[in-house]
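# Fold and geometry: a report
Here is what each chain is made of, one letter per residue.
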Amino acid sequence: KAGVTQTPRYLIKTRGQQVTLSCSPISGHRSVSWYQQTPGQGLQFLFEYFSETQRNKGNFPGRFSGRQFSNSRSEMNVSTLELGDSALYLCASSPTGDSGGGHEQYFGPGTRLTVT
Amino acid sequence: GDSVTQMEGPVTLSEEAFLTINCTYTATGYPSLFWYVQYPGEGLQLLLKATKADDKGSNKGFEATYRKETTSFHLEKGSVQVSDSAVYFCALRSLGTSGTYKYIFGTGTRLKVLA
């Protein structure tokens, strides 16, 4: 089975611009989560989508948004970029929803965003 | 709210030394617990997991036991190798107040193993 893929892997943007990142989950996985990873803050949860619906949301400003398509692929968008948005953005997929158990997340390699 | 606390790094060891990375958690109910590892330039990979009290997760020589009485899930390895140098994340999955499951990660512990 192919793993989680993220595109692009690297991105350089200027303050004020907007950016869209893409994530393709493992086939059959319906849950996709997004995280921001920075050296100072560690791994911070952005949001989770399940069956095209946002199910959980972290404490990020409204400039950060996402969506999920019917094939479970997900995109996240950041508008009006700030220098502090420079980070590694990780996408993770997991098989299902709330059936309990130890459903681990499978992570993609991340998109390294640099804002100048 | 739920949280995960793990020891700060970096942890620097010589090859073949014993490794312990401490992890404690706060959660209502009965969370599942995980250790993930991140090698340079890569995403996180699941290392091991435990879903209930007294479960022991193990993989590639690493072990961790789910201790409900001490709310801990410490990672151990008897003999580390240079190739184990990475950042290790402790995480939990629990039922949130919204009625859906959520994942919470610790801040990560960097391990450096010297030859």
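Residues numbered from 1 in each chain as written. Chains lettered and ligands numbered in written order. Predicted model: local features only at pLDDT ≥ 70, side-chain atom pairs only at ≥ 80, totals over all residues. Heavy atoms only, no water.

## Observations regarding the pairing of strand 6 (residues 44–50) of chain B
To keep things clear, this is the line we draw: A pair of strands is considered paired only if DSSP assigns at least 2 bridges between the two. Comment: elements are numbered from the N terminus, with helices defined as DSSP H or I runs of at least four residues and strands as E runs of at least two.
Sheet topology note: the strand 5 (residues 32–38) of chain B/strand 6 of chain B ladder contains six bridges and is antiparallel. Bridging from a neighbouring strand, Tyr36 of chain B pairs with Leu46 of chain B of strand 6 of chain B.

## Thoughts on the sheet that holds strand 8 (residues 62–65) of chain B
All names here are of chain B. Our working definition: Comment: axis = line fitted to C-alpha atoms, over the contacting stretch for helices; angle = value between 0 and 180 degrees taken between N-to-C directions.
The strand order across the open sheet formed by four strands is 3-9-8-7, and the pairing between neighbours is antiparallel. Each edge of the sheet is formed by a strand with only one pairing partner; in this case those strands are strand 3 (19–21) and strand 7 (56–59). For this sheet, the mean inter-axis angle between neighbouring strands, taken without regard to orientation, is 15°. With three bridges joining them, strand 8 and strand 9 (residues 75–77) adopt antiparallel strand pairing. Bridge pairing links Phe62 to Lys77 in strand 9.

## So, unusual backbone geometry
Trans is the common state for peptide bonds, and a negative phi is the common state for residues other than glycine. A cis amide bond links Thr7 of chain A to the next residue, Pro8 of chain A, at an omega of -10°. Relative to the helices and strands, Pro8 of chain A is located in the loop between strand 1 (5–7) and strand 2 (10–13). With an omega of 0°, the peptide bond between Gly9 of chain B and Pro10 of chain B qualifies as cis. Structurally, Pro10 of chain B is set in the loop between strand 1 (3–6) and strand 2 (11–14). A positive phi is found at Glu52 of chain A, a non-glycine position, where the angle reads about 70°. Note that Glu52 of chain A resides in the loop between strand 5 (42–50) and strand 6 (53–57). Its identity as a non-glycine residue notwithstanding, Glu16 of chain B has a phi of 75°, on the positive side.

## Considerations on the state of the cysteines
The condition that has to hold: Throughout, a disulfide means two cysteine sulfur atoms within 2.5 Å of one another. Here the term buried applies to any residue with accessible area under 20% of the maximum for its type, exposed to any over 50%, and partly exposed to those in between, with areas from a 1.4 Å probe on protein chains only.
With the rule as written, the count across this model stands at two disulfides over all chains. The disulfide that involves Cys23 of chain A links it to Cys91 of chain A, with 1.7 Å between the sulfurs. Because the torsion about its S-S bond is -55°, the bridge between Cys23 of chain A and Cys91 of chain A counts as left-handed. Taken as a pair, Cys23 of chain A in strand 3 (residues 19–24) and Cys91 of chain A in strand 9 (residues 87–94) lie far apart in primary sequence, 68 residues in all. For the residue pair Cys23 of chain A and Cys91 of chain A, the accessibility class agrees, reading buried in each case. Paired by a disulfide, Cys23 of chain B and Cys90 of chain B hold their sulfur atoms 1.9 Å apart. In this structure, the disulfide formed by Cys23 of chain B and Cys90 of chain B twists by about -70° around the S-S bond and is classed as left-handed.

## Focus on the nonpolar core
Note the cut-off: Among buried residues, those of type Ala, Val, Leu, Ile, Met, Phe, Trp, Tyr and Cys that are joined through side-chain atoms within 4.5 Å constitute a nonpolar core. By definition, residues are in contact when any of their heavy atoms lie within 4.5 Å.
Leu19, Trp35, Leu48, Phe73, Leu75 and Tyr88 of chain B are the most contacted members of the largest nonpolar core, which totals 27 residues. Secondary structure elements with two or more residues in this core: strand 2, strand 3, strand 4 (23–26), strand 5, strand 6, strand 8, strand 10 (86–95) and strand 12 (109–114) of chain B. If one sorts the elements of this core by residue count, strand 10 of chain B sits on top with four residues. With sequence-adjacent residues up to four places away left out, Leu19 of chain B is seen in contact with Val11, Leu13, Phe62, Leu75, Glu76, Lys77, Val80 and Leu111 of chain B. In terms of nonpolar packing, the next biggest core, distinct from the first, is built from 21 residues, Leu21, Cys23, Tyr49 and Leu113 of chain A among them.

## Some thoughts on the sheet that holds strand 1 of chain A
Residue and element names in this part refer to chain A. With respect to topology, four strands assemble into an open sheet ordered 1-3-8-7, the strand pairing being antiparallel. Lying at the two open borders of the sheet, with one neighbouring strand each, are strand 1 and strand 7 (64–68). Here the strands of the sheet are splayed against their neighbours by 20° on average, with no regard to which way each runs. Judged from the five bridges that link them, strand 7 and strand 8 (residues 74–78) form a sheet pairing that is antiparallel. Bridge pairing in strand 8 places Gly66 opposite Met76.

## Re the side chain of Gln36 of chain A
Residue and element names in this part refer to chain A. Let me state the cut-off plainly: In the analysis that follows, any N or O atom pair within 3.5 Å is treated as a polar contact, provided that within protein one partner can donate a hydrogen and the other can accept it, and provided that, for residues neighboring in sequence, both atoms belong to side chains.
By the secondary structure assignment, Gln36 is in strand 4 (residues 31–38). A polar side-chain atom of Gln36 sits 2.9 Å from a polar atom in the side chain of Tyr89. The contacts of Gln36, once residues within four sequence positions are left out, are Gly42, Leu43, Gln44, Leu46, Phe60, Phe64, Gly84, Asp85, Ala87, Leu88 and Tyr89.

## Points about the interface of chain B and chain A
Defined as follows: A 1.4 Å probe defines the accessible area here, and the buried area is the portion of it lost by two parts on being joined, summed over both. The rule for a salt bridge is simple: a side-chain nitrogen of Lys or Arg has to be within 4 Å of a carboxyl oxygen of Asp or Glu. Under this grouping Gly is polar, as are all residues other than the nonpolar Ala, Val, Leu, Ile, Met, Phe, Trp, Tyr, Cys and Pro and the charged Asp, Glu, Lys and Arg.
Facing 20 residues of chain B, the contacting portion of chain A comprises 22 residues. For the pair chain B and chain A, the summed buried surface comes to about 1600 Å²; carbon and sulfur atoms form 50% of the total. A salt bridge links Lys49 of chain B to Glu104 of chain A, with the shortest nitrogen-to-oxygen separation between them at 2.8 Å. Among the elements of the structure, strand 5, strand 6, strand 10 and strand 11 (101–105) of chain B are those that each provide at least two residues to the side of chain B that touches chain A. At four residues, the largest contribution of residues to the side of chain B that touches chain A is made by strand 5 of chain B. Grouping the amino acids of the side of chain B that touches chain A by side-chain chemistry returns eight nonpolar, nine polar and three charged.

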